[in-house]
Amino acid sequence: MRQNLIRFFFGVLFTPVAILLHECGHYMTAAALGLAPHLHFAYTTANYPGTPYTIGLVTAAGPTATALMVIVGFFWLWQLRHDRLQAPVTLTEWFATFLVLCAARWLRGSIGGLHGEPIDEAKLSASVGFPQWLLPYLLAPVALAVLIAAVRLHPRGSRLAPFASAVLGICFGVVLWLKVVGPRLLP
């Protein structure tokens, strides 16, 4: 029970960090391009010069940051767990697991982002001339495969409660960040 509470609260605390890392990808790219960005709690604004190339780079930077978190987390988790699948999971391994859980973002498909705007992946798909739904729907099976593989790196028989508490913490963290804390800290 204590371990599940730790995973829940870690999910609550980790979620804003993951959201901000995604937004920092947008922010740093926009700053590198000289666009005077402003970081908000769940989105980044910048003075775009209007070129599709620049807009595409800034838009792609957030999902790239998320993809890096997922890739690093998965390979880190795999390196830590692949030869000790039935051993208890350490806090370090759960941190790597939380990085992998960032892939759940891609399970949203073409559901809109904040304020009903399309998510970054949908914008990227449209910016290269594909239907807006294509990239989000292509990423969903990849995310599902990575998430299943990460779950399988945890001991059999002790997956449901730990992952349920972690995912519940993440969901609570998303709501807490997007509705309460984030708008007050980074309006």
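Note that the coordinates shown come from a computational prediction; the quantities given were computed from them, not determined experimentally.

Conventions adopted
Residues numbered from 1 in each chain as written. Predicted model: local features only at pLDDT ≥ 70, side-chain atom pairs only at ≥ 80, totals over all residues. Heavy atoms only, no water. Helix = DSSP H or I, 4+ residues; strand = E, 2+ residues; numbered from the N terminus. Rg over C-alpha atoms; globule rule 2.2 N^0.38 Å. Buried < 20%, exposed > 50% of the residue type's maximum accessible area, 1.4 Å probe, protein only. Contact = heavy atoms within 4.5 Å. Areas by Shrake-Rupley, 256 points an atom, 1.4 Å probe, with all protein chains shown as cover. Lys, Arg positive; Asp, Glu negative; His and termini not counted. Charge placed at Lys NZ, Arg CZ, Asp CG, Glu CD. Phe/Tyr/Trp six-rings, centres within 6.5 Å; stacked < 30°, edge-to-face > 60°. Core = buried A, V, L, I, M, F, W, Y, C linked by side-chain atoms within 4.5 Å. 1 Å grid on protein atoms, 1.4 Å probe; cavity = no way out; pocket = protein on both sides within 12 Å on 5 of 7 lines; lining within 4 Å. Points joined across faces, edges and corners; volume = space filled by probe spheres on them. Nonpolar A, V, L, I, M, F, W, Y, C, P; charged D, E, K, R; others polar. Salt bridge = Lys/Arg side-chain N within 4 Å of Asp/Glu carboxyl O. Disulfide = S-S within 2.5 Å. Axes fitted to C-alpha atoms, helices over the stretch in contact; angles between N-to-C directions. Parallel < 35°, antiparallel > 145°, perpendicular 65-115°, else oblique. Left-handed = near helix turned anticlockwise from the far one by under 90°.

A short note on the overall build of the chain
Across its full length, the chain holds six helices and two strands. Secondary structure of the chain in N-to-C order comes out as α-β-β-α-α-α-α-α. Since a compact globule built from 187 residues should have a radius of gyration of about 16 Å, the 17 Å found for the chain is in line with a globular shape. Expressed as lengths along the three principal axes of its C-alpha atoms, the size of the chain is roughly 55 × 35 × 25 Å. A burial count over the chain gives 41% of its 187 residues as buried. By sequence separation, contacts in the chain at least 24 residues apart represent 64% of the contacts at least 6 residues apart. Total accessible area on the chain is roughly 10,300 Å²; 73% of this is exposed by carbon and sulfur atoms. The averaged location of the 6 negative side-chain charges in the chain is 11 Å from the averaged location of its 12 positive side-chain charges.

Points about the packing of aromatic side chains
If you walk through the whole model with that rule in mind, you get 13 aromatic pairs. Connected via pairs of aromatic rings, a cluster forms that spans Phe 10, Phe 14, Trp 76, Trp 94, Phe 95, Phe 98 and Phe 163.

Description of the nonpolar core
Among the nonpolar cores identified, the biggest contains 23 residues, and Phe 14, Phe 98, Leu 101, Cys 102, Ala 103 and Trp 106 are the most heavily contacted of them. Elements with a contribution of two residues or more to this core: helix 1 (2-32), helix 2 (52-81), helix 3 (91-100), helix 5 (134-152) and helix 6 (160-185). Considering every element that reaches this core, the biggest residue donor is helix 3, with five residues. Apart from residues no more than four positions distant in its own chain, Trp 106 is found in contact with Pro 63, Thr 66, Ala 67, Val 70, Glu 121, Pro 136, Leu 139, Ala 140 and Ala 143.

Thoughts on the layout of surface pockets
Empty space within the largest pocket amounts to approximately 1,200 Å³. Taken together, 42 residues line the largest pocket, and the ones lying closest to its centre are Ile 19, His 22, Glu 23, Arg 105 and Arg 108. Of all the secondary structure elements, the ones that give two or more residues to the lining of the largest pocket are helix 1, strand 2 (44-45), helix 2, helix 4 (120-127), helix 5 and helix 6. With seven residues, helix 1 is the single largest residue contributor to the lining of the largest pocket. Its residues assigned to classes, the lining of the largest pocket shows 26 nonpolar, 10 polar and six charged.

Describing the pattern of salt bridges
Applying the stated criterion across every chain yields a total of four salt bridges. Of the charged contacts in the structure, one is a salt bridge between Glu 93 and Arg 84, with a shortest N-O distance of 2.2 Å. Asp 120 serves as the salt-bridge partner of Arg 105, at 3.6 Å between the closest nitrogen and oxygen. Taken together, the positions of Arg 105 in the loop between helix 3 and helix 4 and Asp 120 in helix 4 put the pair 15 residues apart, joining distant regions of the chain. In this structure, a network of salt bridges that share partners links the residues Arg 81, Arg 84 and Glu 93.

Focus on the side chain of Thr 97
Here Thr 97 lies in helix 3. With near-sequence residues (within four places) excluded, Thr 97 lies in contact with Leu 77, His 154 and Phe 163.

Regarding the state of the cysteines
Inspection of every chain in the model, using the stated rule, returns zero disulfides. Looking at Cys 102, it has no disulfide partner, and the nearest cysteine sulfur is the one in Cys 171, 13 Å off. We classify Cys 171 as partly exposed; its relative accessible area is 43%.

Side note on the packing of helix 1 against helix 6
Contact pair helix 1 / helix 6: the axes reach a minimum separation of 7 Å and the direction vectors enclose 45 degrees. As far as their axial angle goes, helix 6 and helix 1 are oblique. Along this stretch, helix 1 crosses helix 6, giving a crossing that reads as right-handed. Residue-level inspection shows Asn 4, Arg 7, Phe 8, Gly 11, Val 12, Thr 15, Pro 16, Ile 19 and Leu 20 of helix 1 in contact with helix 6, the latter providing Ala 161, Pro 162, Ser 165, Ala 166, Leu 168, Gly 169, Ile 170, Phe 172, Gly 173, Val 174, Leu 176 and Trp 177. Broken down by class, the residue content of the contact of helix 1 with helix 6 amounts to 14 nonpolar, six polar and one charged.

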